[in-house]
Amino acid sequence: MSNYKIETKCVQGGYTPKNGEPRQIPIIQSTTFRYDTSEDMGKLFDLEASGYFYSRLQNPTCDTVAAKICEMEGGTAAMLTSSGQAANFYATFNIANCGDHVISSSTIYGGTFNLFAVTMKKMGIDFTFVSPDCTEEELEAAFRPNTKAVFGETIANPALTVLDIEKFAKAAHAHGVPLIIDNTFATPVNCRPFEWGADIVTHSTTKYMDGHGAAVGGCIVDSGKFDWMAHKEKFPGLCTPDDSYHGIVYAEKFGQGGAFITKATAQLMRDFGSTPAPQSAFLLNLGLESLHVRMARHCENAQAVAEFLEAHAKITWVNYAGLPSNKYYELAKKYMPNGTCGVVSFGVKGGRKAAEKFMKALRLAAIETHVADARTCCLHPASATHRQMNDEELIAAGVSGDLVRLSCGIENADDLIADLAQALETV
Ligand SMILES: *Cc1c(COP(=O)(O)O)cnc(C)c1O
């Protein structure tokens, strides 16, 4: 599959049935797998042979879908997780231990920010947050001797900033650490971070990849390009013996292309168990089969909506990287020449009250705490996810009272614009 274009990988990647086998991927709804001898099973437990024994660690349906995403991103190994949160936790915790430090872009998903700044901090891992627009010098200054990774989002949710992946990759590599990119909003259809120097990619598959609001899920993909053994002293978890597997050294036994995902599966999935259901992986695969078609339409609709809003007298500002007036227009062109995503944010003239009134009047766009769905949805963070905050706190969080986040679906753009136009008439 590796020579095929992204569209072909979306449809056919990860699974090639043999003569007489099911055309669609089989759902292996089984927690366990049968073996002839204890020796056979013992080899699996020692990681001496590959195979399935218990679905908390690995399941064939999940692995088939992970293999498709791996091909789409151009990686060497991948695993599914039960959520995007689990994917970002595993991706960082797989290399950062208590006493270590990670640098992250400050404009990241709120859930990830909480995971890093609160929960992982309690585990003894320190995070420094830098602006995605920081200079090379500012980025450089954030590194410490115990820094183990750099993290950012291709397009941040909900700030919609675009990350200069090459700038972040260069700094990470100069310090002998990998760059982890959450590629949820762009998807591999619009951006493949490995082509720009990223080492690990994560996804909340709950968003565009699923695309129908059907199943929560996540994914981690390894590019296989990071040489762990060359920075042995920084990554003891990958480069020194694992006592829980008779002293195997992941980076030696599974090589540069397999070590990261094998360790995350064998240790983190074994111990934390954030396993997706095979049924959810099947649903995710259905979404992936049309991802390339849907992304193009999401972007086309968002572009039309953003242009309509920008020209509207009752709109004070519009944030969408596809608009030439946007700060990230040039970066978006470089990293995502075919479009960014379907999410647009904007301010309604009259502030908080006007935004609430406007949202109430919408007919097609449903109010939901969700984005990246085939159906258009919207959220007024000041009265939902951020409602405990007063006006000053909102501004500090980068969420103004007038901000509306609109996730453009794949309906007809004229209908979406007509809905926005009639709702704006009420304010
Ligand atoms: C939603 C989201 C997550 C978290 O994913 P869940 O599947 O909800 O756990 C992580 N990163 C980004 C960019 C997201 O949009």
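Residues numbered from 1 in each chain as written. Predicted model: local features only at pLDDT ≥ 70, side-chain atom pairs only at ≥ 80, totals over all residues. Heavy atoms only, no water.

Visitor: Would you mind going over the sheet that holds strand β6 (residues 200-204) with me for this structure?
Guide: For sheets, the rule is that strands pair by backbone hydrogen bonds, running either parallel or antiparallel. Taken together, seven strands build an open sheet; the order of strands is β1-β7-β6-β5-β4-β2-β3 and the sheet is mixed. Each end of this open sheet is capped by a strand with a single partner; those strands are β1 (77-81) and β3 (126-130). Averaged over all pairs of adjacent strands, the angle between their axes in this sheet comes to 20°, without regard to strand direction. As judged from the four bridges shared by strand β4 (residues 147-153) and strand β5 (residues 179-182), these two strands associate in the parallel manner. (Pairing = 2+ DSSP bridges. Helix = DSSP H or I, 4+ residues; strand = E, 2+ residues; numbered from the N terminus. Axes fitted to C-alpha atoms, helices over the stretch in contact; angles between N-to-C directions.)

Visitor: Explanation requested: the pattern of salt bridges in the structure shown.
Guide: When charged atoms on two side chains of opposite charge get close, those side chains can pair. Per the counting criterion, the structure on display carries 11 salt bridges. The partner of Lys253 in a salt bridge is Glu48, with the nearest N and O atoms 3.6 Å apart. With a gap of 205 residues between them, Lys253 in helix α10 (residues 250-253) and Glu48 in the loop between α2 (38-45) and α3 (60-73) connect regions that are remote in the sequence. Taking relative accessible area as the criterion, Lys253 reaches 36% and is therefore assigned partly exposed. Its relative accessible area of 51% is what places Glu48 among the exposed residues. Lys334 is the partner of Glu166 in a salt bridge, and the nearest nitrogen-oxygen pair spans 2.6 Å. In this pair, Glu166 is assigned in helix α7 (residues 165-174) and Lys334 in helix α14 (residues 329-335), connecting sequence segments 168 residues apart. Using a relative accessible area of 33% as the deciding quantity, one classes Lys334 as partly exposed. (Salt bridge = Lys/Arg side-chain N within 4 Å of Asp/Glu carboxyl O. Buried < 20%, exposed > 50% of the residue type's maximum accessible area, 1.4 Å probe, protein only.)

Visitor: Looking at this model, I keep getting lost on the site of the ligand. Mind explaining?
Guide: Taken together, 16 residues form the shell around the ligand, and within it Asn157, Asp182, Ser204, Thr206 and Lys207 come nearest. A distance of 2.8 Å separates an oxygen atom of the ligand from a polar atom in the side chain of Asn157. Between the ligand and Ser204, the relevant distance is 2.8 Å, taken from an oxygen atom to a side-chain nitrogen or oxygen of the residue. Placement of the ligand is best described as lying within the largest pocket. Per-element tally for the shell around the ligand: the top contributor is helix α4 (residues 84-93), with three residues. Of the residues in the shell around the ligand, the class split is three nonpolar, 10 polar and three charged. (Near = heavy atom within 4 Å. Polar contact = N/O pair within 3.5 Å; in protein donor to acceptor, adjacent residues only side chain to side chain. 1 Å grid on protein atoms, 1.4 Å probe; cavity = no way out; pocket = protein on both sides within 12 Å on 5 of 7 lines; lining within 4 Å. Sits in = over half its atoms within 2 Å of the grid points. Nonpolar A, V, L, I, M, F, W, Y, C, P; charged D, E, K, R; others polar.)

Take it as geometry only, folks, not as evidence of what the structure does.
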